[in-house]
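Commentary on secondary and tertiary structure
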Amino acid sequence: MDMLKKLFPRAFAATEQSKLINALIVYIVIAVVGAVVGWLVGSLLGWIPLVGFIVGLVLKIAGTIVDVYAIGGVILTLLVYFKVLK
């Protein structure tokens with residue numbers, strides 16, 4: 001549980017409604033910014049044949065990791081708010 005508290009500090013602070021909304025906005029913004037940065041880098045480097053393939057693969061993996069982090073943060077935030085986790 002301590003490792004989750006280090007990875008998702010906003011989620012475990014969501015004990016009030018305002019902190020819940022704040023944490024949900026933070027995790028949604030993380031997902032959106034990750035997608036936009038991935039799209040921009042992919043667009044800029046995607047036209048180079050081999051580099052575009054490698055960068056696309058790396059961005060796909062990084063995007064998946066960011067999405068899993070954001071979804072995990074939202075789920076943990078809701079679990080802490082509804083007092084399923086402490």
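Treat the numbers as computed from the prediction; the structure is a model and nothing was measured.

1. Thoughts on helix α3 (residues 49-81)
Look at α3: 48 Å from first C-alpha to last across 33 residues, which is about the 48 Å you get at 1.5 Å a residue. Listing the buried residues of α3 in full gives G52, V55, A70, G72, G73, L76, T77 and V80. For α3, the elements touching its buried residues are α1 (2-7) and α2 (17-45).

2. Looking at the environment of L79
Residue placement: L79 occurs in helix α3. A relative accessible area of 29% means that L79 is categorised as partly exposed. For the pair L79 and A14, spaced 65 residues apart in sequence, the C-alpha separation works out to 9.3 Å.

3. Thoughts on the nonpolar core
Nonpolar side chains tend to gather and get buried jointly when the protein is soluble and globular. Residues F8, A11, F12, A23, Y27, L76 and V80 constitute the largest nonpolar core, which totals seven residues. For this core, the secondary structure elements donating two or more residues are α2 and α3. Those residues within four positions of A23 in sequence are excluded, and the remaining contacts are R10 and T77.

4. A look at the environment of V36
When you line up the elements, V36 lands in helix α2. V36 gets classed as partly exposed once you look at its relative accessible area, which sits at 41%.

5. As for the confidence of the model for the protein
The predicted model of the protein has a mean per-residue pLDDT of 91, with 100% of residues at 70 or higher. For the protein, the element scoring lowest by mean pLDDT is α1, at 91; α2 scores highest, at 93.

Thresholds, definitions, all that
- Residues numbered from 1 in each chain as written.
- Predicted model: local features only at pLDDT ≥ 70, side-chain atom pairs only at ≥ 80, totals over all residues.
- Heavy atoms only, no water.
- Helix = DSSP H or I, 4+ residues; strand = E, 2+ residues; numbered from the N terminus.
- Expected span 1.5 Å × (residues − 1).
- Buried < 20%, exposed > 50% of the residue type's maximum accessible area, 1.4 Å probe, protein only.
- Contact = heavy atoms within 4.5 Å.
- Core = buried A, V, L, I, M, F, W, Y, C linked by side-chain atoms within 4.5 Å.
- pLDDT = per-residue confidence, 0-100.

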